[in-house]
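Fold and contact review
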Amino acid sequence: MSTGFTPYKLPEEYSDIRTATRDVCDAGVAPHAAEADQTASFPAKSYEALKAADLHAPHIPAEYGGAGIDALGTAIVIEEVARACASSSLIPAVNKLGSMPLLLDASEELKQRYLPPVADGEAMFSYCLSEPEAGSDAASMKTRAVRDGDEWVLDGVKRWITNAGVSEFYTVFAVTDPEAGPKGISAFVVEKDDAGVSFGKPEKKLGIKGSPTAEVYFDSVRIPAGRLIGEVGRGFSLAMRTLDHTRVTIAAQALGIAQGALDIAAAYAGEREQFGKPIAKFQAVQFLLADAAMKITAARELTYAAAARSERVDADLTYFGAAAKCFASDAAMEITTDMVQVLGGYGYTQDFPLERMMRDAKITQIYEGTNQVQRVVMARELLRGNAF
Ligand code: CAA
């Protein structure tokens, strides 16, 4: 896979990825989206369809048994899965989030042990940063890891963990030196079956109901010393570097939700007749559709530009990751709301997927850092001269 990128015309291999993913999603993901939402259950059939096509963790490099798709290709996969089902798009997105710290900093031994099962679809990987009292202020976490001989012992609670209980593996950030602030945080791999790991009840959420979100509890969890990712004290910066990459995937998810909503609303407007003609003939409706298309185009260009920087790890990735996530998610919220409006009363019912898309879009403005945090990150990078 080439890492080349032009903002004006994508190489054909990326349109091939889009076409192949759309085919898989039309047949194997979209048909299960409403049920996953209405029953708040993990879309196991969608996971099977994604696994069969090797789209469940496309970012894992070939040397660890993965598809080896680059950041832009992975963003396109997530965009297309989200167009059909936002909950299902969290399968490739969170697999990337959970495993990215290993790809960035882990020993070869850890990578060889934990990445192939994710590539094979035998395991998923979640990311444990937030806590009940440490959300936007991630560095104020309380979960402790204490060294005891050849082991680390972890105690604490993590909150808002996507795919908690479904994933086999967890990247866990914990305090190893309480006096050292952000430099006293380290990262570890914890397994679902490690003694002392347990899970809370799934949160009852507004959207992405097919993706379980729960607390994860660590009660004197003993893990081998070799499960430390990278160096002691480098965990916070690793958490932030990871998010620089994966905010791009949330941008892609938001983009896919918005595109899905526009596609349905445009088709509906062409068929629904009022005052003797299709409502698509009225400028009031045309303007809603045109605004949506314009915002999607802008969000897509920014997201793909950020993905190209993610691949090259350019100095302005922090800015672009935050900007893409913030812009695309704000756009997705506006667009899904407007597309419900195009369908009128029908848009407000479960007869169409628009109301689900509007509920699903909301989380993209919140997770992987609220859009207020993204603006803080962008302003800091701008003022440091790292934005362009
Ligand atoms: N890359 C590398 N290092 C970075 C970095 C980056 N992008 N950002 C910060 N750091 C380093 C800093 O350089 C600094 O180290 P030095 O002192 O050596 O320079 C250290 O980390 C501390 O940085 P800050 O002083 O900037 O830290 P802060 O406490 O002010 O926090 C923040 C900044 C941007 C608000 C950060 O806390 C943040 O991003 N908060 C939001 C957290 C978040 O996104 N949570 C989402 C959880 S994941 C999720 O949603 C899960 C899911 O399942 C979908």
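Residues numbered from 1 in each chain as written. Predicted model: local features only at pLDDT ≥ 70, side-chain atom pairs only at ≥ 80, totals over all residues. Heavy atoms only, no water.

All right, on to unusual backbone geometry then. Excluding glycine, a negative phi dihedral is what most residues carry, and trans is how most peptide bonds are arranged. We note that Ala40 has phi near 50 degrees; this positive angle belongs to a residue other than glycine. Its place among the elements puts Ala40 in the loop between helix H2 (30-39) and helix H3 (44-52). Despite not being glycine, Asn163 shows a phi value in the positive range, around 65 degrees. Positionally, Asn163 belongs in the loop between strand S3 (151-162) and strand S4 (169-175). (Helix = DSSP H or I, 4+ residues; strand = E, 2+ residues; numbered from the N terminus.)

Before going further, it helps to spend a moment on the packing of aromatic side chains. Tallying each qualifying case throughout the model produces 11 aromatic pairs. For the ring pair Phe42 and Tyr47, a centre distance of 5.9 Å and an interplane angle of 75 degrees mean the geometry is edge-to-face. In textbook terms, an aromatic cluster arises when at least three aromatic residues are bridged by ring pairs, as seen for Tyr114, Phe125 and Phe169. The ring centre of Phe320 lies 3.7 Å from the NZ or CZ of Arg309, which sits over that ring. (Phe/Tyr/Trp six-rings, centres within 6.5 Å; stacked < 30°, edge-to-face > 60°. Lys NZ or Arg CZ within 6 Å of the ring centre and 35° of its normal.)

Residues in close proximity to the ligand total 25 residues, the closest being Ser136, Thr162, Lys183, Glu368 and Arg380. Asp244 is positioned with one of its side-chain polar atoms (N or O) 2.9 Å from a nitrogen atom of the ligand. Out of a free accessible area of 1,100 Å², the ligand has 71% covered by protein chains. Put simply, the ligand lies in the largest pocket. Looking at the shell around the ligand, the elements with two or more residues in it are S3, helix H7 (235-271) and helix H11 (371-383). Sorting elements by how many residues they give to the shell around the ligand places H7 first, with 7 residues. Here the shell around the ligand is built from residues that sort into 12 nonpolar, 7 polar and 6 charged. (Near = heavy atom within 4 Å. Polar contact = N/O pair within 3.5 Å; in protein donor to acceptor, adjacent residues only side chain to side chain. Areas by Shrake-Rupley, 256 points an atom, 1.4 Å probe, with all protein chains shown as cover. 1 Å grid on protein atoms, 1.4 Å probe; cavity = no way out; pocket = protein on both sides within 12 Å on 5 of 7 lines; lining within 4 Å. Sits in = over half its atoms within 2 Å of the grid points. Nonpolar A, V, L, I, M, F, W, Y, C, P; charged D, E, K, R; others polar.)

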